[in-house]
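Geometric and topological summary
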Amino acid sequence: MRLLMVIPAYNEEDNIVNVVKNIIEKYPEYDYIVINDGSSDHTSRRCHRNNYEIIDLPVNLGIAGAFQTGLKYAYRNNYDAVLQFDADGQHRPEYIKAMLEKLESGFDIVIGSRFVTKKKPHSLRMLGARMITVAIFLTTGKRIADPTSGMRMFNKAMIKEFAVNMNYGPEPDTISYLLKQGASIAEVQVEMQERQSGSSYLNFTRSAMYMLRMLISILLIQTFRKRDEKHVVMKRR
């Protein structure tokens with residue numbers, strides 16, 4: 001199975017070299033592509049200097065636009081699976097094999113979950129994640145333990161779904177929507193590291209607004225969302 005690791009990167013000059021170097025040296029069997037999302041720092045320069053595989057976006061499109069760029073690349077190059085992989089060093093590639101095995105068993109999406117066998121800590125951020133888990137369960141009947149995890153793997157059908165349709169961001173509301181459309185989703189227990197360097201753009205206010213936006217989208221907006229049925233047929237499990 002040909003796997004492509006899609007690495008959206010925005011102002012990750014302090015992390016991107018270590019992230020890609022680790023993949024190249026320890027996991028050469030996996031392909032990767034860095035999607036430089038209009039960074040204003042030296043993210044692109046450092047990738048080009050090291051001859052990394054990279055697509056430079058001329059402007060910042062945000063995570064949805066950067067991710068869809070990677071999925072279009074995967075679709076055009078006939079990859080069998082895609083892994084969404086953070087550029088900040090939090091995701092660990094040693095879990096890829098277990099996620100691939102789960103995907104090959106017949107699932108459309110596999111989430112690298114921090115909470116399959118471990119409990120969520122009690123914090124304001126995790127409170128928001130718990131609320132999203134409940135919202136997805138109420139609207140789909142499926143329980144996703146770690147809906148905000150950014151480490152997600154998609155099969156070939158999902159690559160096409162994201163590549164040819166509009167407004168498919170790699171977010172919990174899209175996961176909820178795809179569940180309603182018949183996508184099968186599994187979770188694999190993983191451990192994640194702290195950001196290696198720099199700081200996340202998600203401060204407390206932005207995190208709160210993100211959680212609120214996801215809840216509104218899952219509970220209300222996704223009910224009226226439409227898709228082109230001719231593109232992809234998803235199997236129900």
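Presented here is a report on the structure given in the accompanying data block. (Residues numbered from 1 in each chain as written. Predicted model: local features only at pLDDT ≥ 70, side-chain atom pairs only at ≥ 80, totals over all residues. Heavy atoms only, no water.)

This part takes up helix α3 (residues 62-76). For α3, which comprises 15 residues, the first-to-last C-alpha distance of 22 Å matches the rise-based estimate of 21 Å (1.5 Å per residue) to within 8%. Listing the buried residues of α3 in full gives Gly65, Ala66, Phe67, Gln68, Thr69, Gly70, Leu71 and Ala74. Where α3 is buried, its residues contact β1 (3-9), β2 (31-37), β3 (54-57), β4 (81-84), β6 (152-155) and α6 (156-164). Positive phi appears at Asn78, one or two residues downstream of α3, with a value of about 60 degrees. (Helix = DSSP H or I, 4+ residues; strand = E, 2+ residues; numbered from the N terminus. Expected span 1.5 Å × (residues − 1). Buried < 20%, exposed > 50% of the residue type's maximum accessible area, 1.4 Å probe, protein only. Contact = heavy atoms within 4.5 Å.)

Summarising the element assignment, Leu138 is placed in helix α5 (residues 124-140). When the C-alpha atoms of Leu138 and Leu219 are compared, they prove to be 8.2 Å apart, with 81 residues separating the residues in sequence.

This next bit is on the pattern of salt bridges. Side chains that carry opposite charge are capable of pairing whenever their charged atoms lie near each other. All told, the structure shown has five salt bridges when counted by the stated rule. Asp14 serves as the salt-bridge partner of Arg46, at 3.9 Å between the closest nitrogen and oxygen. Of this pair, Arg46 sits in helix α2 (residues 43-49) while Asp14 is found in the loop between β1 and α1 (16-26), placing the two residues 32 residues apart along the sequence. Since its relative accessible area comes to 45%, Asp14 is described here as partly exposed. The salt bridge involving Arg114 is made with Asp146; its shortest N-O contact spans 2.8 Å. Placement of the pair is Arg114 in the loop between β5 (109-113) and α5 and Asp146 in the loop between α5 and β6, with a sequence separation of 32 residues. Assessed through its relative accessible area of 0%, Asp146 is described here as buried. (Salt bridge = Lys/Arg side-chain N within 4 Å of Asp/Glu carboxyl O.)

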